[in-house]
Amino acid sequence: MADESKILTVEAEQALLAPIDEYVGGIQKQIDALRKDGTDKVLSITNHMAVVKENANYSKKEKSELLAKDEKELAKAKAVEDANKAQIDSLVSDATKYLDEHYDKDYYNVVVESCKAQKEVEDQRYSADVEQLKKEHEAKLATLKDSDEIKDENYVYKNRQFDAKLKHQTALQEIKDRQHEAFSHRYHLIDLLRLSKFTFSEKMKQNWENYVYTFNIRSFLLENGLYIVIIIIFILLCSLAPIIKNTKLLTLTNVLNILQAASPRMFLALGVGGLILLGGTDLSVGRMVGTSAVLSTMIMHKGINTGSFFGHIFDFTGIPVALRVILALVVCCCVTTTFTCFAGFFTARFKIHPFITTMANMLIMFGLMTYATKGVSFGAIENDIQKYIMPKIGGVFPTIILWAIAVVALMTFIWNKTVLGKNMYAVGGNSEAATASGISVFKVTLTAFAMAGILYGFGAWLECIRMLGSGSASYGQGWETDAIAACVVGGISFSGGIGRIRGIVVGVLIFTALTYSLTILGVDTNLQFVFSGLIILAAVTIDSLKFVQKK
């Protein structure tokens, strides 16, 4: 049985809190008095200066006069602030120390025990109510013989059960709110004392409390269920590898190999991610890789090209290797960007879904490259190129990973800190609302496609160097599914306007690690597509459930 004597009344709880509020409140009054002509005035004057600078109604002379006056007042306020700083810090320290010594011991811990006892009482009450409802229902059924009356009674019983459960959940939420408010009040006092400055430990405690307070098992599974399943699969693969292949998956060499293989794919997934953010997709990624592989290998080929391109044998050996590397990158990016802009124009101008425009791109590019090369591979590139572009630090760490880190940092900045990034979210979320807000949907869409093209070209160029040549038109087949899957697994919603770069990074690493693990275990490449398909289906299903839940 619950100890009801531990349950606090509202008045008793307020009585416990009163001495704390009184002590800290007294210190707060002293601090406010000291800040009045110092910190408060500095903030007020600083805000006024910002308003004056932005106000177009003032002439240049009027702005100068007002700002000069504010500068003088600001200097005086800062002098007062500096003079009072030591005293304020001492008072804040005193109040914080008092809270550390008394808040939990004299108030919060008592409230926690009260809430615990109150929850036990509520659980017992709910169990008793459910049992009583069951008895009444069974007694009622015993008196009924007509099937319609029995059906009605069952319906009434279910409604009464629902009402009892709702009442129980409401009571539990009130108890949870009470404890959360008791926890938060301490940080409210600290917030006033320190002007919203918290220590790292205080921030972590607040974040954890807020997480626990808002935690919902259904939402958690919707957000992380797929990750959990994939992690379980990966753990199983790691467990099976020593048994089936007598090898370990989780070794430094394997981890670096996975990161190395994931690096070029990161460029491709980031390009596709931008288009999915707009509510589209790109089916031509694999063909972008194949086209770039042919062009890169042809330009960086070791010696005269043995294969022909549209019937011509090209010879780039007269150009210095460094210039050939740069030329290959420029050509790849220009060609892929031209094709993505082609698809982007039709998507933006004629409102054709990217599924269609990029599928057209895929067919056109594959046809052109296959015809141009007659299906012949161009062989290997100069051996020294890989050592210069992606040398291994200490002979172990592949610097191609640094290229991936750099592009992730760049795209994070573009998505989160630039006007283009904000506009991409706006267009993906609601293109009509974005248009009404003055955003050019055409420009944003075309720019996103162009940006994707540059990323495709750069990523395929890196892949060509990583593989020391991959000059085949068929290279990159199926890469579009991996890139799209990485995005949807990473939380880039097909409904548009939802997603983060970090999700794409996680998605790429998951798929690359899974593919690498399955390959080591000897799983047929064709069966690996089955895994990819199932993961994509699961990811999009979860995304749809999230969308339905929000609506």
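1. With respect to the overall build of the chain
Here comes step 1: Along its length, the chain carries 18 helices and 2 strands.
Here comes step 2: Over its C-alpha trace the chain gives a radius of gyration of 33 Å, far above what one expects of a compact globule, namely 24 Å for 551 residues.
Here comes step 3: Dimensions of the chain, computed from the C-alpha atoms along their principal axes, are close to 90 × 90 × 55 Å.
Here comes step 4: Each of the 551 residues in the chain was classed as buried or not, and the buried ones make up 41%.
Here comes step 5: Taking contacts inside the chain between residues at least 6 apart in sequence as the whole, the part at least 24 apart equals 78%.
Here comes step 6: Put simply, the chain shows about 30000 Å² of open surface, and 62% of that area lies on carbon and sulfur atoms.

2. Focus: the nonpolar core
Here comes step 1: Counting residues in each nonpolar core, the largest one holds 73 residues, and the members touching the most others are Leu270, Met300, Met411, Trp415, Trp461 and Ile504.
Here comes step 2: Considering every element that reaches this core, the biggest residue donor is helix 15 (residues 441-466), with 12 residues.
Here comes step 3: Residues contacting Trp461, with those up to four places away along its chain left out, are Ser296, Met300, Val325, Ala328, Leu329 and Ile389.
Here comes step 4: The next biggest cluster of nonpolar side chains, apart from the first, holds 25 residues, and it includes Ile27, Phe183, Tyr187 and Ile190.

3. A look at the pattern of salt bridges
Here comes step 1: As enumerated under the stated definition, the model contains 15 salt bridges in all.
Here comes step 2: Between Lys119 and Asp123 there is a salt bridge, with its nearest N and O atoms 3.2 Å apart. One end of the pair is Lys119 and the other is Asp123, both in helix 3 (residues 60-142) and 4 residues apart, which spans about a single turn.
Here comes step 3: You can call Lys119 partly exposed: its relative accessible area is 41%.
Here comes step 4: One salt bridge in this structure joins Arg265 and Asp482, with 3.0 Å as the shortest N-O distance. Taken as a pair, Arg265 in helix 7 (residues 252-277) and Asp482 in helix 16 (residues 479-489) lie far apart in primary sequence, 217 residues in all.

4. Some words on the environment of Ile389
Here comes step 1: Topologically, Ile389 is positioned in helix 11 (residues 383-389).
Here comes step 2: Ile389 sits 245 residues away from Leu144 along the chain, and the two C-alpha atoms are 85 Å apart.
Here comes step 3: Every residue in contact with Ile389, bar those within four places of it in the chain, is listed here: Val325, Thr399, Trp403, Trp461, Leu462 and Ile465.

5. With respect to helix 7
Here comes step 1: Maximal helix bending in helix 7 amounts to about 35 degrees, located at Pro264.
Here comes step 2: Looking one or two residues past helix 7, Gly279 carries a phi angle of roughly 90 degrees, positive in sign.

6. Examining unusual backbone geometry
Here comes step 1: Look at Ser196: it is not a glycine, yet its phi comes out positive at around 70 degrees.
Here comes step 2: Here the phi dihedral of Lys351 falls at roughly 60 degrees; this positive angle occurs in a residue that is not glycine.
Here comes step 3: Tracing the chain through its elements places Lys351 in the loop between helix 9 (321-350) and helix 10 (354-373).
Here comes step 4: Note on Lys351: relative accessible area 65%, which makes it exposed.

7. Examining helix 4 (residues 147-194)
Helical geometry note: an α-helix holds 3.6 residues per turn, so side chains three or four residues apart project in the same direction.
Here comes step 1: Taking 1.5 Å as the rise per residue, helix 4 with 48 residues should run 70 Å; its terminal C-alpha atoms sit 69 Å apart, in good agreement.
Here comes step 2: The backbone nitrogen of Asp148 lies 3.1 Å from a side-chain oxygen of the residue at the head of helix 4, namely Asp146.
Here comes step 3: Just beyond helix 4, the residue with positive phi is Leu195, at close to 55 degrees.

8. Comments concerning a nonpolar patch on the surface
Here comes step 1: A contiguous nonpolar surface patch, about 1200 Å² in accessible area, is contributed by Trp208, Tyr211, Val212, Phe215, Ile217, Leu221, Ile228, Ile232, Leu236, Leu240, Ile243 and Ile244.
Here comes step 2: Elements with a contribution of two residues or more to the nonpolar patch: helix 5 (200-214) and helix 6 (217-244).
Here comes step 3: The element contributing the most residues to the nonpolar patch is helix 6, with 8 residues.
Here comes step 4: Summarising the element assignment, Ile244 is placed in helix 6.

9. Thoughts on the environment of Glu113
Here comes step 1: The topology assignment puts Glu113 in helix 3.
Here comes step 2: Relative accessible area serves as the criterion here: at 36%, Glu113 is assigned to the partly exposed category.
Here comes step 3: A sequence separation of 106 residues divides Glu113 from Ile7, and the C-alpha atoms of the two residues are 7.7 Å apart.

10. So, the state of the cysteines
Here comes step 1: According to the stated counting rule, one finds 0 disulfides in the structure shown.
Here comes step 2: Of the cysteine sulfurs around Cys487, a residue in no disulfide, the closest is that of Cys333, at 19 Å.

11. Looking at the packing of aromatic side chains
Here comes step 1: Within this structure, the stated rule accounts for 23 aromatic pairs.
Here comes step 2: Summarising the aromatic geometry, the rings of Tyr103 and Tyr107 are spaced 5.4 Å apart at their centres and angled 75 degrees between planes, so their arrangement reads as edge-to-face. Of this pair, Tyr103 and Tyr107 both sit in helix 3, separated by 4 residues, roughly a single helical turn.
Here comes step 3: An angle of 85 degrees between the planes, with centres 5.7 Å apart, marks the rings of Phe345 and Phe346 as edge-to-face.
Here comes step 4: Owing to a relative accessible area of 34%, Phe345 belongs among the partly exposed residues under this scheme.
Here comes step 5: An aromatic cluster is built from Phe309, Phe310, Phe314, Phe316 and Tyr371, whose rings are joined through pairwise contacts.
Here comes step 6: Sitting above the plane of the Trp479 ring, Arg265 keeps its charged end 3.9 Å from the centroid.
Here comes step 7: Above the ring of Phe350, the side-chain terminus of Arg349 is found at 5.4 Å from the ring centroid.

12. A few points about the environment of Val330
Here comes step 1: With respect to the helices and strands, Val330 occurs in helix 9.
Here comes step 2: Residues Val330 and Gly457 lie 127 residues apart in sequence; the distance between their C-alpha atoms is 8.3 Å.

13. Observations regarding the side chain of Ser263
Here comes step 1: Tracing the sequence through the fold places Ser263 in helix 7.
Here comes step 2: Discounting residues that sit within four places of it in the chain, Ser263 has contacts with Ile400, Ile401 and Ala404.

Calculation rules
- Each residue is numbered by its place in its chain's sequence as written, counting from 1.
- With pLDDT at 70 or above as the cut-off, local features in this predicted model cover only qualifying residues; side-chain atom pairs require 80 or more to be listed or tallied, and sums for whole chains, interfaces and linings still use all residues.
- By convention in this description, side-chain values take in all heavy atoms of the structure and omit both hydrogens and water.
- For the purposes of this entry, the term helix denotes a DSSP run of H or I that reaches at least four residues, the term strand denotes a run of E that reaches at least two, and both are numbered from the N terminus.
- In this setup the radius of gyration rests on C-alpha atoms only. A globule is expected at 2.2 Å times the number of residues raised to 0.38.
- We call a residue buried when its accessible area falls under 20% of the maximum for its residue type, exposed when it is over 50%, and partly exposed in between, using a 1.4 Å probe and counting protein chains only.
- Any two residues whose heavy atoms approach within 4.5 Å at even a single point are treated as in contact.
- In these tables, accessible area is a Shrake-Rupley quantity obtained with a 1.4 Å probe, and a residue counts as shielded only by the protein chains included in the view.
- As used in this record, nonpolar core signifies buried Ala, Val, Leu, Ile, Met, Phe, Trp, Tyr and Cys residues forming a set joined through side-chain atoms within 4.5 Å.
- Between Lys or Arg on one side and Asp or Glu on the other, a salt bridge is scored when a side-chain nitrogen of the former is within 4 Å of a carboxyl oxygen of the latter.
- Take the seven residues that end at a residue and the seven that start at it, fit an axis to each, and the angle between those axes is the bend at that residue.
- Under the convention used throughout, the expected extent of a helix is 1.5 Å for every residue step, that is, one less than its residue count.
- The definition of a polar contact used here is a pair of N or O atoms within 3.5 Å, where within protein one atom must be able to donate a hydrogen and the other to accept one, and adjacent residues in sequence count solely through side-chain atom pairs.
- The patches described consist of residues with a relative accessible area above 30% and no salt bridge, like charges being joined within 9 Å and nonpolar side chains (Val, Leu, Ile, Met, Phe, Trp, Tyr) within 5 Å.
- By disulfide we mean two sulfur atoms from cysteines, separated by a distance within 2.5 Å.
- Pairing of aromatic rings covers Phe, Tyr and the six-membered ring of Trp, with a centre-to-centre limit of 6.5 Å; geometry is then stacked below 30 degrees between planes, edge-to-face above 60, and tilted otherwise.
- For a ring to carry a charge above it, either NZ of a lysine or CZ of an arginine must fall within 6 Å of the ring centroid while also lying within 35 degrees of the normal to the ring plane.

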